[in-house]
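# Secondary and tertiary structure notes
Okay, here's what each chain looks like letter by letter:
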Amino acid sequence: MSLDDSTAAETAPDTADGSGAAGRPAKTFVLGGLALALVVGLIGFFAVRGASGEPEGADCISEVVTLTTAPVMEDLVKQAVKDVNADEPCIDIQVTAGTVKDVVALLSDPNAELPEIWIPDSPTWKGQLTSAGWTGTPIADVLAQTPVGLIGGPAAEAPTSWSSLLDGGSLAMADPSAEGASALALLAPYAEMKKTGETALSIEEKTVPVAQTYGERAVAGGTTETDLSTITASSTQLVPATEQAYLAARRSNDQLALVAPKTGVPMLQYPLIDVNRGSKDILDSGGDLSARVGRALGRWFASSAGVEAIAAAELRGPDGAALPNDIGLGSAPVLAKVAQKTTDDTLRQWRVLSVPSSILAVVDLSGSMKMAIGDTTRIGLAVTASQLALDAFPAQARIGIWGFSKNRGENGASYAEYAALERLDAPAADGKTHGDEVRAMADALPGRVRGGTGVMDSTLAAYKHAQEMWDPAWFNSVVIMTDGASDDSSSLSLESLVNQLKSLRDPAKPVKVIVIGISQDADTGELEQIAAATGGQNYLVTNPNEILGVLASALLNR
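Residues numbered from 1 in each chain as written. Predicted model: local features only at pLDDT ≥ 70, side-chain atom pairs only at ≥ 80, totals over all residues. Heavy atoms only, no water.

Next up on the list: the packing of aromatic side chains. With the rule as written, the count across this model stands at four aromatic pairs. The interplanar angle of 50 degrees and the centroid separation of 5.4 Å between the aromatic rings of Tyr214 and Trp350 together place this pair among those described as tilted. Remark: Trp350 occurs in helix 13 (residues 340-353) and Tyr214 occurs in helix 8 (residues 200-219); sequence separation between them is 136 residues. Residue Tyr214 is classed as buried on the basis of its relative accessible area of 8%. You can call Trp350 buried: its relative accessible area is 2%. Here the aromatic rings of Trp300 and Phe301 are separated by 5.1 Å at their centres, their planes lie at 85 degrees, and the arrangement is edge-to-face. Here Trp300 falls in the buried class, since its relative accessible area comes to 4%. Its guanidinium or amino end placed over the ring of Trp474, Arg398 lies 4.9 Å from that ring's centre, counting from NZ or CZ. (Phe/Tyr/Trp six-rings, centres within 6.5 Å; stacked < 30°, edge-to-face > 60°. Helix = DSSP H or I, 4+ residues; strand = E, 2+ residues; numbered from the N terminus. Buried < 20%, exposed > 50% of the residue type's maximum accessible area, 1.4 Å probe, protein only. Lys NZ or Arg CZ within 6 Å of the ring centre and 35° of its normal.)

Take a look at the structure:
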């Protein structure tokens, strides 16, 4: 496959008088004879060179073009390179296999060289290149593609949608920054929004527990990559994976089942990218060698040989047509691609949400918390919201509970500790876990309501304690849940509290105060100043179901 993008040159016409060769003078034939002799001599010379055992093209000045391809495309790329080299033996196309994770890892190494041509295996490639100051221009938008479904054990059932899968508890995500299938599982809820009625905010809320579970697994040293060999007949989890990966894995593990959400499946596409090679004008003009090599490779993939090779690799062509006999995901509907901004924003959100959480919850237990709000009380709303939040966090999260009101603690302190700041899976008495104790203490809070509001002293003490317990593996925060301003005259003033919080704030060991106002009576102006002093946020909650949205927003603003 030649690098020449142009058409063949036209043959020269006969002379204007139509005489052609017959009308040329004898001198032309003399020159022609000399030229013929020269050609014969050159043929003889190269024949002798060939007989001497020197390789063909030994006089080439080799030009190197580096190419990194998704592992699943490696064999196809090597076939394409062989075809290109048949016409262009002096182009040394050096092929290596690597995932998007491998290529992105090079971005942090100033001495590393990125490939000139890249066939990535994730829709996140563009954002990750751009964020590191590189550029990538598609030479071909799609060389091949494969749909992404969910792999489980023999009893695996298709969920109604990708968004329902997020909060169903069965999704086992790999790192979406590194694996294309998991990235698309994260993006699919946005692609199906018109079918499900979900909003961007509701999807963020459902992403929190999945991201937190992944983050805790990563911190604990657990695997963050997809391993289909671990799926057994009793597996209940669903793993995002491509149709091609399923068909390959099924040959050695007959317990695998591939299902698709009823809303449809996203398509993992393999584009051909020219990395950091200048403007599109340069690419179009053919002045860039790697771009011209890329176009030649693209022509092979579009040829009959390329189409046959793609099908043999159990991949789909650019038209996305199902594989023969409807194997794999067959004719499942295909979801539209989401906008690049959605891809970039979702990946950024995941990175933030997947940082494990350490939360010291400090709950207002003053008498006004008994007041009704809707069909519950303010303290009832706070407890229900706390339980919903606990459901969102994995067992490795650190959670503690304090309560506050005037003269609640020892020696007249306005606060008391009911559950220490520990991991939820930490062992406790009677064979229980710390998580069990936290839930029990949260349920008991309504019976502890009494006295005036002592939010100032309590906030300062909780902030100091969270700083003492600070751990770099967690997002460290203090969450204040209160229905109003302080009415304890013996407590700190707002000005004193804000000044002390600002003085204690340590950028090297960040702890944020997140204030959640319960009911419309919460003094948002005062609470806003308290949160802002630590770089935190202030929210108003009037429905316990709003708590996951608050948590998502708070985590994304850290």
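Every buried residue of helix 12 (residues 304-312) is listed here: Gly306, Ala309 and Ile310. The arc that holds every buried residue of helix 12, seen down its axis, measures 100 degrees, which confines them to one face. Summarising the geometry of helix 12, the exposed residues directed more than 90 degrees from the buried face are Ser304, Glu308 and Ala312. Once helix 12 ends, the next one or two residues include Glu314, with phi positive near 60 degrees. (Arc of directions from axis to C-beta.)

Moving on, we come to the pattern of salt bridges. Taken as a whole and judged by the stated rule, the model has nine salt bridges. Residue Lys206 pairs with Glu198 through a salt bridge whose shortest N-O separation is 2.6 Å. Comparing Lys206 with Glu198, the two get one shared label, buried. Among the ionic pairs, Arg251 bridges to Glu314, the shortest N-O distance being 2.7 Å. One end of the pair, Arg251, is in the loop between helix 9 (243-250) and strand 6 (257-259); the other, Glu314, is in the loop between helix 12 and helix 13, with 63 residues separating them in the sequence. Residues participating in the shared-partner salt-bridge network are Asp167, Glu198 and Lys206. (Salt bridge = Lys/Arg side-chain N within 4 Å of Asp/Glu carboxyl O.)

It is the contact of helix 8 with helix 13, at a shortest axis distance of 8 Å, that shows an interaxial angle of 50 degrees. Taken together, the axes of helix 8 and helix 13 lie oblique to each other. Note on packing geometry: the crossing formed by helix 8 with helix 13 is right-handed. For the pair helix 8 and helix 13, the contacting residues are Glu204, Thr207, Val208, Val210, Ala211, Gln212 and Tyr214 in the first and Gln349, Trp350 and Leu353 in the second. Its residues placed into classes, the contact of helix 8 with helix 13 shows six nonpolar, three polar and one charged. (Axes fitted to C-alpha atoms, helices over the stretch in contact; angles between N-to-C directions. Parallel < 35°, antiparallel > 145°, perpendicular 65-115°, else oblique. Left-handed = near helix turned anticlockwise from the far one by under 90°. Contact = heavy atoms within 4.5 Å. Nonpolar A, V, L, I, M, F, W, Y, C, P; charged D, E, K, R; others polar.)

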